[in-house]
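Structural overview for review
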Amino acid sequence: MKVLVTGGLGFIGSHTVVQLIEDGMEIVIVDNLYNSKIDVLDRIESITKVRPTYYNADVTDKEEMEKIFAKENIDSIIHFAGYKAVGESCVKPLMYYRNNLDSTLTLLELMEEYHVNNMVFSSSATIYGLPDSVPLTESSPRKEATSPYGETKVMIERILEDVSKVHKEFNIAILRYFNPIGAHKSHLLGEDPNGLPNNLLPYINKVAVGLLPYVNVFGDDYDTPDGTGVRDYIHVVDLAKGHLLALRKLEKNCGLFVCNLGTGKGTSVLEIIHDFEVATGVKIPYKIGPRRLGDIATNYASTDLAKKELGFTCDFTVLDACKDGYDFQLAEEKRRSK
Ligand code: WQD
């Protein structure tokens, strides 16, 4: 099977590409390097001994994408490419709507023209907004998202549902990620955002290697056991496996389905800091500060449907993810110091 992976050099994309190659699939990556680095391609080759086909292109550029569809005989698509910083989306909404919607619409039009019927779409638990109850199931209501980023995911899910009603031949998996963390055991792939990290684990990792002094805990007055925010942190390698299982399901002409990809367990900020210290032996200083705008108290996944529909279960724990993420950060700092 030949799979087009947009955003395939990114954090989740690169881990997924490795799993697909190891499963014997042929990969074509399209990535404009907006939020990734070209040396990830070398690292994928180093891990798998296979160098995927790579195009430096923007998925919103239909002319360029048409050339790739015409040249490559694509069977399925995994669409990761998209802007994903919640805070940035609040400041630059137009950039988020243009990019995230345009890239998806371009792919769908080319799927029609080139009779490519299978797509896995990278959605997010953020579409649930402020949950009425947890754990969140796939039938929990889609709410108004707390950011334009989240709103693009809500809109794209609706577009995919509407297109599926017309194109009965399309098979589409909408995967709703919770909080991906960790890194590949080779220490070659991981999350290493430029500048000040928005997300908790990349921030903790930079504190752990001495690049930042302490973690700011955004509020300890939530209605949670220790007052800090609770999330469902899933190892990125487990998340990647979920994509492989979803692709396999699409091959059975299943139509459209939606699946949470999480662990089914909520972990608070203070618990994550503690787990990180246990997993790595590194003390993480922190200060309690004010809540962050747009944050919710708790969300974590019901994993029943993923297990039933995909046979998906997690192989790794939060402790594994903390250790793997830290080992990647250490290795990255060593590479940078050379
Ligand atoms: C986790 C918890 C914070 C940073 C977002 C997007 C989601 C997905 C993952 C793209 C919260 C707390 C955080 C810090 C803190 N992104 N925190 N100090 O907000 O759950 O999810 O990123 O797909 O769509 O919504 O992730 O890691 O930013 O926050 O206390 O420096 O850690 O308040 O409780 P979030 P996060």
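Anything mentioned here points back to the structure above.
A brief report on the enclosed structure follows.

Cut-offs and rules
- Residues numbered from 1 in each chain as written.
- Predicted model: local features only at pLDDT ≥ 70, side-chain atom pairs only at ≥ 80, totals over all residues.
- Heavy atoms only, no water.
- Near = heavy atom within 4 Å.
- Polar contact = N/O pair within 3.5 Å; in protein donor to acceptor, adjacent residues only side chain to side chain.
- Areas by Shrake-Rupley, 256 points an atom, 1.4 Å probe, with all protein chains shown as cover.
- Nonpolar A, V, L, I, M, F, W, Y, C, P; charged D, E, K, R; others polar.
- Buried < 20%, exposed > 50% of the residue type's maximum accessible area, 1.4 Å probe, protein only.
- Helix = DSSP H or I, 4+ residues; strand = E, 2+ residues; numbered from the N terminus.
- Pairing = 2+ DSSP bridges.
- Right-handed = clockwise from strand over helix to strand, strands pointing away.
- 1 Å grid on protein atoms, 1.4 Å probe; cavity = no way out; pocket = protein on both sides within 12 Å on 5 of 7 lines; lining within 4 Å.
- Points joined across faces, edges and corners; volume = space filled by probe spheres on them.

**Quick word on the site of the ligand**
Neighbouring residues of the ligand: 17 residues in total, closest Tyr149, Leu200, Asn216, Arg231 and Asp295. The separation between an oxygen atom of the ligand and a polar side-chain atom of aspartate 295 is 2.6 Å. Compared with its free state, where it exposes 690 Å², the ligand has 90% of that area covered by protein. Class assignment for the residues of the shell around the ligand results in 7 nonpolar, 7 polar and 3 charged.

**Focus: the pairing of strand β6 (residues 171–177)**
Along β6, 7 of the 7 residues are buried, which leaves the element largely enclosed by surrounding structure. Side chains of β6 alternate between two faces, with Asn171, Ala173, Leu175 and Tyr177 and Ile172, Ile174 and Arg176 buried alike. Bridge count for strand β5 (residues 118–124) against β6 is 7 bridges, and the pairing is parallel. Each bridged residue has a counterpart across the sheet, and for phenylalanine 121 the counterpart in β6 is isoleucine 174. With helix α6 (residues 148–166) bridging β5 and its parallel neighbour β6, the resulting β-α-β unit is right-handed. Pairing geometry for β6 and strand β11 (residues 256–261), over 6 bridges, is parallel. Paired with alanine 173 across the two strands is phenylalanine 257, which belongs to β11.

**Focus on empty space enclosed by the protein**
According to the stated counting rule, one finds 2 cavities of 30 Å³ or more in the structure shown. Lining the largest cavity are 14 residues, and of these Ile181, Gly182, Glu191, Leu201 and Asn205 lie nearest its centre. Broken down by secondary-structure element, the contributors of at least two residues to the lining of the largest cavity are β7 (179–181), α7 (200–208) and α11 (318–337). With 4 residues, the top contributor of residues to the lining of the largest cavity is α11.

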